[in-house]
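# Reading the structure
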Amino acid sequence: GSQYATSSNLSVGGVGANGSQATVAGASGAAQAARPRRRVPTPRGGWRACGAVTCSLIMALMLIRTVFVMPVEGEELEVAEDEEAAVVTTGSAPAPATASPIVIDDSSGGLYPITSTSTAAPPGPAPPSATWQTDGPPQVGGGLDESAQEQAAIAAKNAKLEASIFCAGQIGCSTPFFGVNLGGWLVLEEKLLPAMMQGAQDEWEYTKSLGGPLDAKAIEAIHHHWETFVTEKELDELKAIGVTHCRIPVGYWLVDYDEADGFVSGGERYLFRLLAWLKQRAMKAVLDLHALPGAQAANSGSTGRRTGTAQFFLNAALHQRGRQAIKKLAGLILQMDTNILTSDVVVGMGFVNEPAWDYWDTSPGIKELYEAMIPEVRKILPREKCAIMLSFAGPAMRSEGMEWLTAMRNERPEEFAAVFYDAHIFHAYGDNDAPGRVWREDVDSCKTCCRDPALLQPLVRAGLPIIVGEYSVETGFGGQDTDFQQAYLQNQLSLWASTPGIMGSFFWSFRTLTSPSSTSEEGTPASLLEVMASGAEVSPSLRGSSSASSPPTSGMCPKEDLAKCPDIFPGNVLWTDDCHWQTA
């Protein structure tokens, strides 16, 4: 047959639309002798007879056209998925696909890729590179050089991975997942466990009050807590209200135990049991290193041992030990993934929770830690199996962290694929309850529906993948009833669902232990199980499923009149700015 495949497409070293091979190699001498006149394909799919010299010129021009990516009218360009072949093909533009929900393809051994014919963009302003609802590499416009095309293909590949990595068995990737923190379990926190800790500021002090980590009383008390605080009953209740993911705070002593640190050992086997329970329920987990040696932030009980300074960044030996703990936690995740009882459950890990921002650019510091440890962890955990969540200090949106992560994802796209911005968004802890403020019932709905979208805009514009690692219905004042809390939660979930780039969220936290005489104590946040105790239904469209009996709502804050939002400018808004609905 002809040296040139009968295809309406032209490719360089690739395959035509009908599956036949198309090449630009010249014919052999024997073929030339046998064929004094040859034919070449035209851009419109026809054929043209020509002599040897003319054919050579025509083929050279067509090769130049292909290499320089100049499609003819009615054609689009595609970047081939086969990176080794480095194929650039042109073909007729496909008809617009009809919208359909994104579904999970489980044929890849648990890596959760997504497939969809939907080409609809997510709601709201689109980021520079879409972070979900992609179906293969993006269409690349003319004029891009080879390097730019390669970067575009890598970005599209990474976006597809990032959109799918957190998917659980019962939801698709088109809706952010609904998750919860298991706070106060493997790292004791006084605010969550006032009835148990009886005034102890942290786990270290509580253990010491019971005689230390080797004392039978301390061992019994801690192990009893691990045994009873998270049970199958709680997991079933969480699953029933739509929770699909659990973020599990752990301390460095779980993977790097030394009795001299003052903590009780043995938490690992309880973690293993929990992960097995999650797998039985088709739920997923993120392990977050909440406490590092010496504490990553001052005066924080969530670090295991409250200190006056962040010694993790001030003591070289403690910092190095913390780096080793990060690697050991990655190794533990890998170990869990190789066990049939717990495989494919852990889909993410966090290096450090809310580090003190004073140490962002110091040595050692937060930025230095992240740049050093991401490649180290990737040697243990592949990006296809485990996301990395980076915390950037507390509830504020840190522009330095955002700019750095954006730059690193551009400069080192392969290494920083599946690295997420971990945003913590609260209205308490210095916002609503800032000195001199008086709380009003409308302030939290206004902040959620009007101010917080503006706070998130820089992350959206940067095209960063986002996980809301912590949020709550706390106001900083207390005393709100469950109706208020449920409306507050619904508004927040609608914001996450309406913000491009947000893949899911983890409510803080799932339960608390208060004294028998009270269902709430001062400083104790409302837990998810408490908020939902009255049988309230989280809107199905905001937690990843729907039913005929409960039609989904859509859009951000569907029960609020967004036309009454005050004027807010994304470039100037601060997370401590007050907000009230306009009345006129």
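Residues numbered from 1 in each chain as written. Predicted model: local features only at pLDDT ≥ 70, side-chain atom pairs only at ≥ 80, totals over all residues. Heavy atoms only, no water.

### Comments concerning helix α13 (residues 482–498)
In this model α13 runs 24 Å from its N-terminal to its C-terminal C-alpha over 17 residues, within 8% of the 24 Å that 1.5 Å per residue would give. The buried count for α13 comes to 14 of 17 residues, which makes it a mostly enclosed element. Looking at where α13 begins, the residue whose side-chain oxygen comes 3.3 Å from the main-chain nitrogen of D483 is D481. (Helix = DSSP H or I, 4+ residues; strand = E, 2+ residues; numbered from the N terminus. Expected span 1.5 Å × (residues − 1). Buried < 20%, exposed > 50% of the residue type's maximum accessible area, 1.4 Å probe, protein only. Polar contact = N/O pair within 3.5 Å; in protein donor to acceptor, adjacent residues only side chain to side chain.)

### Some thoughts on the sheet that holds strand β13 (residues 346–350)
One closed barrel holds the eight strands; their spatial order is β10-β11-β12-β13-β14-β15-β16-β17, and the pairing between them is parallel. Direction aside, the axes of adjacent strands within the sheet are offset by 30° on average. Here strand β12 (residues 284–291) pairs with β13 via four bridges, running parallel. Paired with D288 across the bridge in β13 is G350. Lying on the sheet, helix α9 (residues 316–337) is in contact with β11 (245–251), β12 and β13; it crosses β13 at an angle near 175°. (Pairing = 2+ DSSP bridges. Axes fitted to C-alpha atoms, helices over the stretch in contact; angles between N-to-C directions. Contact = heavy atoms within 4.5 Å.)

### Re the packing of helix α12 (residues 443–462) against α13
As a packed pair, α12 and α13 sit with axes 10 Å apart at the nearest point and diverge in direction by 20°. Judged by the inter-axis angle, α12 sits roughly parallel to α13. Like other packed secondary-structure pairs, α12 and α13 cross with a definite hand, here right-handed. Counting all contacts with α12, which are made through D444, S445, T448, C449, D452, P453 and L456, the residues of α13 involved are F484, Y488, N491, Q492, L495 and W496. The class makeup of the residues in the contact of α12 with α13 is seven nonpolar, four polar and two charged. (Parallel < 35°, antiparallel > 145°, perpendicular 65-115°, else oblique. Left-handed = near helix turned anticlockwise from the far one by under 90°. Nonpolar A, V, L, I, M, F, W, Y, C, P; charged D, E, K, R; others polar.)

### Looking at the pairing of strand β15 (residues 419–425)
β15 sits mainly inside the fold: seven of its seven residues count as buried. Burial along β15 is two-sided: V419, Y421, A423 and I425 and F420, D422 and H424, pointing in opposite directions, are all buried. As paired elements, strand β14 (residues 387–391) and β15 share four bridges and run parallel to each other. Following the sheet pairing, L390 is matched in β15 by Y421. With five bridges joining them, β15 and strand β16 (residues 466–471) adopt parallel strand pairing. Pairing of H424 across the sheet is with E470, part of β16. Read as a crossover between parallel neighbours, the route from β15 over α12 to β16 is right-handed. (Right-handed = clockwise from strand over helix to strand, strands pointing away.)

### Details of the pattern of salt bridges
One pass over the full model with this rule turns up 26 salt bridges. Close ionic contact of R247 with D288 constitutes a salt bridge, the shortest N to O distance being 3.2 Å. One end of the pair, R247, is in strand β11; the other, D288, is in strand β12, with 41 residues separating them in the sequence. The exposure classification of R247 matches that of D288, with both residues buried. (Salt bridge = Lys/Arg side-chain N within 4 Å of Asp/Glu carboxyl O.)

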